[in-house]
Amino acid sequence: MLAVDDANHHRFQPDMAAGTEPTTTPRVLSVIAFALERLVARNEGLVADSAGLWGQSLNVFHGVRAPTISIPKYLERIYKYTNCSPSCFVVGYVYIDRLLHKHPDSLVISLNVHRLLVTSVMVASKMLDDVHYNNAFFARVGGVSNGELNRLEIEMLFMLDFGVVVSSRVFESYCLYLEKEMLWNGAGHRLEKPILPTSVDQVTEFSVEDTQTSSSPPLMAD
């Protein structure tokens, strides 16, 4: 169960090595978090008024209760520990949007948004990044079991009909949309556009056991 308390989030952080600079979070993560928070807030109201009439396609991503960690903090956590490129978060957002278009009667709400995020970003990292962590590591970062994340990955791929290729044109269109979200939010800055790799043929996976233990993320409490 995802349940990291924002107020106590510092208890779960590993000690930084001497001379290591804090991770700078790309602005695109904040914009994606803002867009999803607004979507979740709207959908929570719809759920409250609908008396359970919405579809159940995304129920596999539901937790028993909503995690206490916020969407921005959750995205920051994934970025900090997995070293995913910023492009992975944009493509992960594309996957979630595709799910909603394929299953329009389903809603992204507080019970499923975190699992949707960690699953979609993990799948995107396998498509985009030359080197990426395995499912077990992503599960530890995301606060779910390895078995559950394996199952969620399979469910997402089938729900997308394995449509995980994102063209440069589509990628740019989503970057433009997120940039407009930022401007509408009054930030007054343009979004630094992450670069979509031109080739994803060579993907190397390595095990978390091959990394130094000091770089491992802390476990998220149940």
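To be clear, the structure that these remarks concern was listed above.
Throughout what follows, the structure given in this document is the object of discussion. The model shown is predicted, which means the values in this text are computed figures rather than measured ones.

1. Things to note about the state of the cysteines
Then comes step 1: Counted under the stated rule, the structure contains 0 disulfides.
Then comes step 2: Cys 88 takes part in no disulfide bond, and the closest cysteine sulfur to it belongs to Cys 84, at a distance of 4.6 Å.
Then comes step 3: Judged by its relative accessible area of 0%, Cys 88 is buried.

2. Overview of the pattern of salt bridges
Then comes step 1: Counted under the stated rule, the structure contains 4 salt bridges.
Then comes step 2: Residue Lys 73 pairs with Glu 76 through a salt bridge whose shortest N-O separation is 4.0 Å. With a gap of 3 residues between them, Lys 73 and Glu 76 both fall in helix H2 (residues 71-82), about one helical turn apart.

3. Quick word on the packing of helix H3 (residues 86-102) against helix H4 (residues 113-128)
Then comes step 1: With their axes 8 Å apart at the nearest point, H3 and H4 run at an angle of 120 degrees to one another. Taken together, the axis directions place H3 and H4 in an arrangement best described as oblique. As H3 packs across H4, the resulting crossing turns out to be right-handed. Two secondary-structure elements touch here, H3 through Ser 87, Cys 88, Phe 89, Val 91, Gly 92, Tyr 95, Ile 96 and Leu 99 and H4 through Leu 116, Leu 117, Ser 120, Val 121, Val 123, Ala 124, Ser 125, Met 127 and Leu 128.
Then comes step 2: Class assignment of the residues belonging to the contact of H3 with H4 gives a composition of 13 nonpolar, 4 polar and no charged.

4. As for the environment of Ser 87
Then comes step 1: Looking at the element boundaries, Ser 87 is found in helix H3.
Then comes step 2: The spacing of Ser 87 and Ser 125 is 38 residues in sequence and 8.6 Å in space, taken between C-alpha atoms.

5. Observations regarding the packing of aromatic side chains
Then comes step 1: Applying the stated rule across the entire model yields 5 aromatic pairs.
Then comes step 2: Between Tyr 93 and Tyr 177, the ring centres sit 6.4 Å apart and the planes meet at 25 degrees, which makes this aromatic pair stacked. Here Tyr 177 lies in helix H7 (residues 168-184) and Tyr 93 lies in helix H3, a separation of 84 residues in the sequence.
Then comes step 3: Relative accessible area serves as the criterion here: at 33%, Tyr 177 is assigned to the partly exposed category.
Then comes step 4: By way of ring pairs, the aromatic residues Tyr 93, Tyr 174 and Tyr 177 are connected into one cluster.

6. Some words on helix H6 (residues 146-159)
Then comes step 1: In this model H6 runs 20 Å from its N-terminal to its C-terminal C-alpha over 14 residues, within 8% of the 20 Å that 1.5 Å per residue would give.
Then comes step 2: Among the residues of H6, those classed as buried are Glu 148, Leu 149, Leu 152, Glu 153, Met 156, Leu 157 and Met 159. For H6, the angular spread of the buried residues around the axis is 165 degrees, confining them to a single face.

7. A word on the nonpolar core
Side chains of nonpolar character tend, in soluble globular proteins, to be buried together.
Then comes step 1: In this structure, Ile 32, Phe 89 and Val 108 are the most contacted members of the largest nonpolar core, which totals 59 residues.
Then comes step 2: Elements with a contribution of two residues or more to this core: helix H1 (27-50), H2, H3, H4, helix H5 (135-142), H6 and H7.
Then comes step 3: In terms of residue count, the dominant contributor to this core is H3 (10 residues).
Then comes step 4: Not counting the four nearest positions on each side in its chain, Val 108 is found in contact with Leu 39, Val 40, Asn 43, Leu 58, Ile 96, Leu 100, Val 113 and Leu 116.

Each value, and the rule that gives it
- Residues numbered from 1 in each chain as written.
- Predicted model: local features only at pLDDT ≥ 70, side-chain atom pairs only at ≥ 80, totals over all residues.
- Heavy atoms only, no water.
- Disulfide = S-S within 2.5 Å.
- Buried < 20%, exposed > 50% of the residue type's maximum accessible area, 1.4 Å probe, protein only.
- Salt bridge = Lys/Arg side-chain N within 4 Å of Asp/Glu carboxyl O.
- Helix = DSSP H or I, 4+ residues; strand = E, 2+ residues; numbered from the N terminus.
- Axes fitted to C-alpha atoms, helices over the stretch in contact; angles between N-to-C directions.
- Parallel < 35°, antiparallel > 145°, perpendicular 65-115°, else oblique.
- Left-handed = near helix turned anticlockwise from the far one by under 90°.
- Contact = heavy atoms within 4.5 Å.
- Nonpolar A, V, L, I, M, F, W, Y, C, P; charged D, E, K, R; others polar.
- Phe/Tyr/Trp six-rings, centres within 6.5 Å; stacked < 30°, edge-to-face > 60°.
- Expected span 1.5 Å × (residues − 1).
- Arc of directions from axis to C-beta.
- Core = buried A, V, L, I, M, F, W, Y, C linked by side-chain atoms within 4.5 Å.

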